[in-house]
Amino acid sequence: MIWARIPVFLLPMSILTRYFSKSDLDEIKKAVGEAESKTSAEIVPYFAESSHHYKEWVWLGAFLMGGVSGVTFYTAQNLYGLVWGGESLFAVLSVWAGALLGLAISALFPKIRINLVSRSAKQYFVDLRAKEAFLDEEVFRTKNRTGILIYISLYEHFVRVLPDKEISKVVPKSEWSEAVRLIIEGMKSNQKKEGIVSSILFCGDLLKKYNIQIEKDDKNEISNEIRDGGKLM
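Residues numbered from 1 in each chain as written. Predicted model: local features only at pLDDT ≥ 70, side-chain atom pairs only at ≥ 80, totals over all residues. Heavy atoms only, no water.

### Focus on the overall build of the chain
For clarity, the threshold we go by: Helix numbering and strand numbering both begin at the N terminus, where a helix is a DSSP run of H or I of at least 4 residues and a strand a DSSP run of E of at least 2. Two things to know: the radius of gyration comes from C-alpha atoms, and the globule rule equals 2.2 Å times the number of residues to the power 0.38. Each residue is placed in one exposure class: buried if its accessible area under a 1.4 Å probe, protein chains only, is under 20% of its type's maximum, exposed if it is over 50%, and partly exposed if it falls in between. The criterion used for residue contact is that any of the two residues' heavy atoms lie within 4.5 Å. The Shrake-Rupley method, run with a 1.4 Å probe sphere, supplies the accessible areas, and residue values consider only the shown protein chains as cover. Counted as positive: Lys and Arg. Counted as negative: Asp and Glu. His and the chain ends are not counted at all. By convention, the charge on Lys lies at NZ, on Arg at CZ, on Asp at CG and on Glu at CD.
Helix and strand content of the chain: nine helices and four strands. In sequence order, the chain lays out its α and β elements as α-α-β-α-α-α-α-β-β-α-α-α-β. Computed over C-alpha atoms, the radius of gyration of the chain comes to 23 Å, more than 25% over the 17 Å expected from 2.2 N^0.38 for 233 residues, which places it beyond the range of a compact globule. Seen through its C-alpha atoms, the chain measures out along the principal axes to roughly 90 × 35 × 30 Å. Here the chain holds 233 residues, and the buried ones make up 45% of them. Look at the contacts in the chain between residues 6 or more apart in sequence, and 76% of them connect residues 24 or more apart. Summed over its atoms, the accessible surface of the chain is roughly 12900 Å², and 61% of this surface lies on carbon and sulfur atoms. With 30 positive and 28 negative side-chain charges, the chain shows a spacing of 1 Å between the two charge centroids.

What follows is the structure, encoded as structure tokens:
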């Protein structure tokens, strides 16, 4: 709650500074301001490197590597006769050695570990973390309940758009698919900033299309900076 209110350029070891330059962050902030100038909504972009640590999956890595090691030993023994006695002992040792290697690799290399996770499990954790971010950033604390969270989870390649209740009453869920697509395409083409900016501007146009118009006494109720989701893995 406290970190969310500190300007991103003051955050030590920020995840954002690993993926965006200062000018990138300024462009994203400017895009939020431009989009909000067309509507009374408050747009909150949120960037997370990952939505879960996935440490539970190190055991799957150990299981798989142990299995591969055991099968490799068994096959090599049958084909080449590597050992002439104690085959059972060496088979057990090969499985344990493979399992320990798999455990170490899965624990030390998050990007390998996340490839062991099913798509449905990733979706579950992204959805859960997006809802937590919506509450943590108090997106619901706008006068007319017109906040929108754009949640980006980099390692999972998932994006979620969470509009507050007054916007969700008016804008169909299907309309947000383009906002999601723009960010995902940007991530795939290594143009993360461009994808985020395009998505934010699209949201501003979409809200204007559905007549969520800016009010005469409209105030900027939520900061325009992109939020730092931190490092979980």
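There's plenty left to go through after this.
### Points about the pattern of salt bridges
Here is the rule: The salt bridge criterion pairs a side-chain nitrogen of Lys or Arg with a carboxyl oxygen of Asp or Glu, the two atoms within 4 Å.
Taken as a whole and judged by the stated rule, the model has 15 salt bridges. Close ionic contact of Asp164 with Arg145 constitutes a salt bridge, the shortest N to O distance being 2.7 Å. Remark: Arg145 occurs in the loop between helix 6 (119–136) and strand 2 (147–153) and Asp164 occurs in the loop between strand 3 (158–163) and helix 7 (165–168); sequence separation between them is 19 residues. Across the pair Glu178 and Arg181 runs a salt bridge, and its minimum N-O distance is 2.8 Å. Taken together, the residues span about one helical turn, with Glu178 and Arg181 both in helix 8 (residues 177–188) at a distance of three residues. Residue class for Glu178 comes out partly exposed when judged on its relative accessible area of 27%. Each of Glu27, Lys193 and Glu194 takes part in salt bridges that share partners, so that together they form one network.

### Regarding the confidence of the model for the chain
Selection rule: Each residue carries a pLDDT value, the predictor's own confidence for that position, ranging from 0 to 100.
Per-residue pLDDT for the chain averages 89, and the proportion of residues at 70 or more is 91%. The model gives residues 1–6 a pLDDT under 50, and that stretch makes seven contacts with residues more than four places away or in other chains. Within the model, the stretch residues 8–12 combines pLDDT values under 50 with eight contacts to residues more than four positions away or in other chains.

### Quick word on helix 2 (residues 22–36)
Since the α-helix advances by 3.6 residues per turn, residues separated by three or four positions end up pointing in the same direction. Stated formally: Multiplying one less than the number of residues by 1.5 Å gives the expected span of a helix.
Helix length check: helix 2, at 15 residues, gives a terminal C-alpha distance of 21 Å against a target of 21 Å (1.5 Å per residue), a fit within 8%. In this structure, the buried side of helix 2 is in contact with helix 1 (15–19), strand 1 (42–48) and helix 9 (192–209).

### Overview of the sheet that holds strand 1
We count it as follows: DSSP bridges decide pairing: two strands pair if at least two such bridges lie between them. Between N-to-C directions, angles cover 0 to 180 degrees, with each direction set by a line fitted to C-alpha atoms, over the stretch in contact for helices.
One open sheet holds the four strands; their spatial order is 3-2-1-4, and the pairing between them is mixed. In this open sheet, the two edge strands, each paired with only one partner strand, are strand 3 and strand 4 (227–228). The sheet contact formed by strand 2 and strand 3 spans six bridges and is antiparallel. Bridged to Ser153 within strand 3 is Phe158. In the packing of helix 6 onto the sheet, contacts are made with strand 1, strand 2 and strand 3, and the angle to strand 3 comes to roughly 40°.

### Some thoughts on a nonpolar patch on the surface
Just so we agree on the cut-off: Patches here are clusters of residues that have more than 30% relative accessible area and form no salt bridge, with a 9 Å joining cutoff for like charges and a 5 Å cutoff for nonpolar side chains (Val, Leu, Ile, Met, Phe, Trp, Tyr).
Together, Leu60, Phe63 and Leu64 make up an exposed nonpolar region whose accessible area comes to about 290 Å². Secondary-structure assignment places Leu64 in helix 3 (residues 58–80). Judged by its relative accessible area of 39%, Leu64 is partly exposed.

### Concerning helix 9
Here helix 9 contains 18 residues, and its C-alpha end-to-end distance of 26 Å stays within 8% of the 26 Å for a straight helix at 1.5 Å per residue. When we look at burial in helix 9, the residues that qualify are Lys192, Lys193, Gly195, Ile196, Val197, Ser199, Ile200, Cys203, Gly204, Leu206 and Leu207. Where helix 9 is buried, its residues meet helix 1, helix 2, strand 1, strand 2, helix 7 and helix 8.

### Side note on the nonpolar core
What counts here: As used in this record, nonpolar core signifies buried Ala, Val, Leu, Ile, Met, Phe, Trp, Tyr and Cys residues forming a set joined through side-chain atoms within 4.5 Å.
Ranked by internal contacts, the top residues of the largest apolar core, which has 41 residues, are Ile150, Trp176 and Ile200. Breaking this core down by element, the ones donating at least two residues are helix 1, helix 2, strand 1, helix 6, strand 2, strand 3, helix 8 and helix 9. Among the nonpolar cores identified, the runner-up in size contains twelve residues, and Val44, Leu149, Tyr151 and Ile222 belong to it.

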